[in-house]
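# Descriptive analysis of the structure
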Amino acid sequence: MAVKREVLLIILLLIVIAVLIKLVEFFQINIIEADASNFVREDLHSKYPLADIEVMTITPKYNENGAKYFEVKARVTEEAETACPERLHIFYNYPAQNFVPQPPEVITHNCVVCAQGICTIAFPEEAIIASHTFEGTSEVNSYIQSNGNAIPTVTEKPDSWEVMWDSETADHYYVVSIHRNGEILGVELVGKV
């Protein structure tokens, strides 16, 4: 009888140890993922102190030795409330791996969107630029030029973007609707009451 009890006690102890090991692994993964996010944010804030920064994705990966690391994709937007915001996607490997990091992916630069190839307006920064540089938006561009304090507000719709340009000093504002394929759906002048 005593042997059975000892065997059951040993089995129970092994089960408890296995559960504790799994719990420690779970918390280590979450802590490392949080560390990756914090590291990326701190690094980007030091490199781009005035930018709007967001960690977009954290993807677990394994290197050639089977060691786990995270590929982190972050967004950096400079001059977000201007007519020509600059957007970059920057990739990190955390902890650092022994290969060359990917160069930043430039989404918007020099106030140009859809200069070549198929046009897809996928991000708010692209919609802002398209709202005053695409064909049919010259009156919006004139509004921005004559109202230096005009600020864009972007709303994402299912298949389109809506960009409102408003200035505190003007008696009207513009609303530009842009399809995700780059087509200007409408430019509306709205008077303020």
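The structure we're discussing is the one just above.
The structure reproduced in this document is the subject of the present report. (Residues numbered from 1 in each chain as written. Predicted model: local features only at pLDDT ≥ 70, side-chain atom pairs only at ≥ 80, totals over all residues. Heavy atoms only, no water.)

### Things to note about helix α3 (residues 138–146)
One turn of an α-helix holds 3.6 residues; hence residues three or four places apart share an orientation. Of all the residues in α3, the buried ones are Val140, Tyr143 and Ile144. Seen along its axis, α3 keeps its buried residues to an arc of 95°; they face one direction. Of the exposed residues in α3, the ones pointing more than 90 degrees away from its buried face are Ser138, Gln145 and Ser146. Residues of α3 that are buried sit in contact with α2 (124–133), β6 (160–166), β7 (172–179) and β8 (184–191). (Buried < 20%, exposed > 50% of the residue type's maximum accessible area, 1.4 Å probe, protein only. Helix = DSSP H or I, 4+ residues; strand = E, 2+ residues; numbered from the N terminus. Arc of directions from axis to C-beta. Contact = heavy atoms within 4.5 Å.)

### Brief notes about α2
Within α2, eight of the ten residues are buried, which leaves it mostly tucked inside the rest of the structure. What α2 keeps buried is the set Glu125, Glu126, Ala127, Ile128, Ile129, Ala130, Ser131 and His132.

### Side note on the state of the cysteines
Counted by the stated rule, this structure contains two disulfides. Here Cys84 engages in a disulfide with Cys111; their sulfurs sit 1.9 Å apart. Judged by the torsion about the S-S bond (-70°), the Cys84/Cys111 disulfide is left-handed. In this pair, Cys84 sits in the loop between β2 (68–78) and β3 (86–94) while Cys111 sits in the loop between β4 (105–108) and α2, placing the two residues 27 residues apart along the sequence. Taking relative accessible area as the criterion, Cys84 reaches 26% and is therefore assigned partly exposed. Judged by relative accessible area, which is 19%, Cys111 ranks as buried. The partner cysteine of Cys114 in its disulfide is Cys119, sulfur to sulfur 2.0 Å. Measuring handedness by torsion sign, the sulfur bridge of Cys114 and Cys119 sits at about 65° and is right-handed. (Disulfide = S-S within 2.5 Å.)

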